[in-house]
Amino acid sequence: MPNMPEDVTFIGAGFVGVEFATITNTVGAHTRIVTEGQTALRAFDQILVQQLMTEMQETGIEWYFNATVCRIDKALTGRLVVKLTNGTTFETDRVFVTAGRIGNFDQMNLAAAGVACQVADLPVDEHLRTSNSHVYAVGD
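So, here is what we can say about the structure in this document. Predicted model only: the values in this text are computed from it and were never measured.

### Concerning the sheet that holds strand S1 (residues 7-11)
Working step 1: Spatially, four strands are ordered S3-S2-S1-S7 in an open sheet, and the strand pairing comes out parallel. What marks the edges here is a single partner per strand, and that holds for strand S3 (62-64) and strand S7 (94-97). In this sheet, neighbouring strand axes are inclined to one another by 20° on average, regardless of whether the strands run parallel or antiparallel.
Working step 2: By the bridge criterion, four bridges tie S1 to S7 in an arrangement that is parallel. Bridge assignment links Phe10 to a residue of S7, and that residue is Phe96.

### Re the nonpolar core
Working step 1: Membership of the largest hydrophobic core comes to 14 residues, with the highest contact counts inside it found for Val18, Ala21, Ile33, Ala40, Met56, Ile61 and Trp63.
Working step 2: Listed by contribution, the elements that provide at least two residues to this core are S1, helix H1 (15-26) and helix H2 (46-58).
Working step 3: Examining the composition of this core, we find that three residues originate from one element, H2, more than from any other.
Working step 4: Judged by nonpolar contacts, the second largest core, of nine residues, contains Ile11, Leu84, Phe90 and Val95.

### Describing the pairing of strand S6 (residues 89-92)
Working step 1: Only one face of S6 is buried: it carries Phe90 and Thr92, and the other face, with Thr89 and Glu91, is open.
Working step 2: Strand direction decides the pairing type here: strand S5 (residues 80-84) and S6, joined by four bridges, are antiparallel. Considered in S6, the bridge of Lys83 is made with Thr89.
Working step 3: As consecutive antiparallel partners, S5 and S6 are separated by four residues, and within that stretch Gly87 has a phi angle of approximately 95°, a positive value.

What counts and what doesn't
- Residues numbered from 1 in each chain as written.
- Predicted model: local features only at pLDDT ≥ 70, side-chain atom pairs only at ≥ 80, totals over all residues.
- Heavy atoms only, no water.
- Pairing = 2+ DSSP bridges.
- Helix = DSSP H or I, 4+ residues; strand = E, 2+ residues; numbered from the N terminus.
- Axes fitted to C-alpha atoms, helices over the stretch in contact; angles between N-to-C directions.
- Core = buried A, V, L, I, M, F, W, Y, C linked by side-chain atoms within 4.5 Å.
- Buried < 20%, exposed > 50% of the residue type's maximum accessible area, 1.4 Å probe, protein only.

Put into structure tokens, the structure is as follows:
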């Protein structure tokens, strides 16, 4: 982005959304996180997550829990109007979807590379090696 928006919204409270929300907030953007869940970072120690969320709130990050974006419209001002299923509506400059993603490895013809995969899983060892010891699976 050539310029940092003044107001940013992230949909999803996983580590990508939380990380980028912290960055945008630190550089001065008003920041919101919308999540369908009751908490952020569900796969992490919730005692630590609660402390992190409190600290993020204290720095000005707004949280919308148990909420789903049902509509985004463009206002006459050029800003985005975000409507949540819980009735909340707000304007923002930019929306980023950081909710979980589904991998597409089933479309990559991994068998041709000697990599075994299952319908919703790509088995790896403790070093992130696939069934082909020359192919590693890394990333989110």
